[in-house]
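Descriptive structure summary
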Amino acid sequence: MGDVVLLAIHWRNVPEVLTQVSGVLGGKVLIDATNRMIPPPPDTTGSAAGDIAKEVPGAKVVKSFSTLGANNLTRLEFGNENASNFICGDDAEAKALVVELSEAVGFDAVDCGPLSVAPLIESLTKLWVQISRNYSREIAFKLLRR
């Protein structure tokens, strides 16, 4: 297993997979690209990323690559702009690495702060799904800056 692990599976499979690999994730960057589309259980952190971090305390969890439909991942350009990728995590080096990976594949990387911001990023996914019902899946979020 490499130094960076991308967790990009259906939410229902996350507990089983984490049980299987938790012993080898210590010190590694774990990119959480999962989307829990159901309300979080009451005994959790409120975010999928936070719950994952609790399950693998030695991993450096970074929420990323979760607010855009998979159909768009190879076509990040929308007009003259590239889609934004919203990123959060508590480990500065891990987050910087994910920003670098994000930019390398063509995203406009947006560092949103600590892992406690994950519920906000995760809510963007739910919003994306809702909007896509009216405008198709050929949509993305973009942070505009002056």
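Conventions adopted
Residues numbered from 1 in each chain as written. Predicted model: local features only at pLDDT ≥ 70, side-chain atom pairs only at ≥ 80, totals over all residues. Heavy atoms only, no water. Pairing = 2+ DSSP bridges. Helix = DSSP H or I, 4+ residues; strand = E, 2+ residues; numbered from the N terminus. Right-handed = clockwise from strand over helix to strand, strands pointing away. Phe/Tyr/Trp six-rings, centres within 6.5 Å; stacked < 30°, edge-to-face > 60°. Buried < 20%, exposed > 50% of the residue type's maximum accessible area, 1.4 Å probe, protein only. Salt bridge = Lys/Arg side-chain N within 4 Å of Asp/Glu carboxyl O. Polar contact = N/O pair within 3.5 Å; in protein donor to acceptor, adjacent residues only side chain to side chain. Contact = heavy atoms within 4.5 Å. Expected span 1.5 Å × (residues − 1).

1. With respect to the pairing of strand S3 (residues 60–63)
Pairing between strand S2 (residues 29–32) and S3: 4 bridges, direction parallel. For Ile31, the partnering residue across the bridge sits in S3 and is Val62. Between the parallel elements S2 and S3, the chain passes through helix H2 (residues 48–55) in a crossover that is right-handed. Across 2 bridges, the pairing between S3 and strand S6 (residues 84–89) is antiparallel. Looking at the pairing, Val62 lines up with Gly89 of S6.

2. Quick word on the packing of aromatic side chains
In total, this model carries 1 aromatic pair according to the counting rule given. Ring plane angle 55° and centroid distance 5.8 Å describe the contact between Phe65 and Phe107, whose orientation is recorded as tilted. Separated by 42 residues along the polypeptide, Phe65 in the loop between S3 and strand S4 (77–78) and Phe107 in the loop between helix H3 (92–104) and strand S7 (108–111) bring together distant segments of the chain. When its relative accessible area of 21% is taken as the criterion, Phe65 is described as partly exposed.

3. Let's talk about the pairing of S6
A large share of S6 lies buried, amounting to 6 of its 6 residues. Across the two faces of S6 the burial is the same, with Ser84, Phe86 and Cys88 and Asn85, Ile87 and Gly89 all buried. Bridging between S6 and S7 involves 4 bridges; their strand directions are parallel. Across the sheet, Ile87 pairs through a bridge with Asp111, a residue of S7. Crossover S6 to S7 through H3 is right-handed.

4. So, the pattern of salt bridges
With the rule as written, the count across this model stands at 8 salt bridges. Its salt-bridge partner being Glu122, residue Lys63 comes within 3.3 Å of it at the nearest N-O pair. Of this pair, Lys63 sits in strand S3 while Glu122 sits in helix H4 (residues 118–135), and the two are 59 residues apart along the sequence. The salt bridge involving Asp111 is made with Lys95; its shortest N-O contact spans 3.1 Å.

5. With respect to the side chain of Asn72
For Asn72, the location among the structural elements is in the loop between S3 and S4. From its side chain, Asn72 meets the backbone oxygen of Ile139 in a polar contact 3.3 Å long. Once residues within four sequence positions are removed from consideration, Asn72 is found in contact with Phe78, Trp128, Arg137, Glu138 and Ile139.

6. Quick notes on H4
Residues spaced three or four apart along an α-helix point in a common direction, a consequence of the helix completing one turn every 3.6 residues. Between its first and last C-alpha, H4 extends 25 Å over 18 residues, near the 26 Å set by a 1.5 Å rise per residue. Contacts from the buried residues of H4 go to S2, H2, S3 and S6. At the exit of H4 stands Ser136, carrying a positive phi of roughly 80°.

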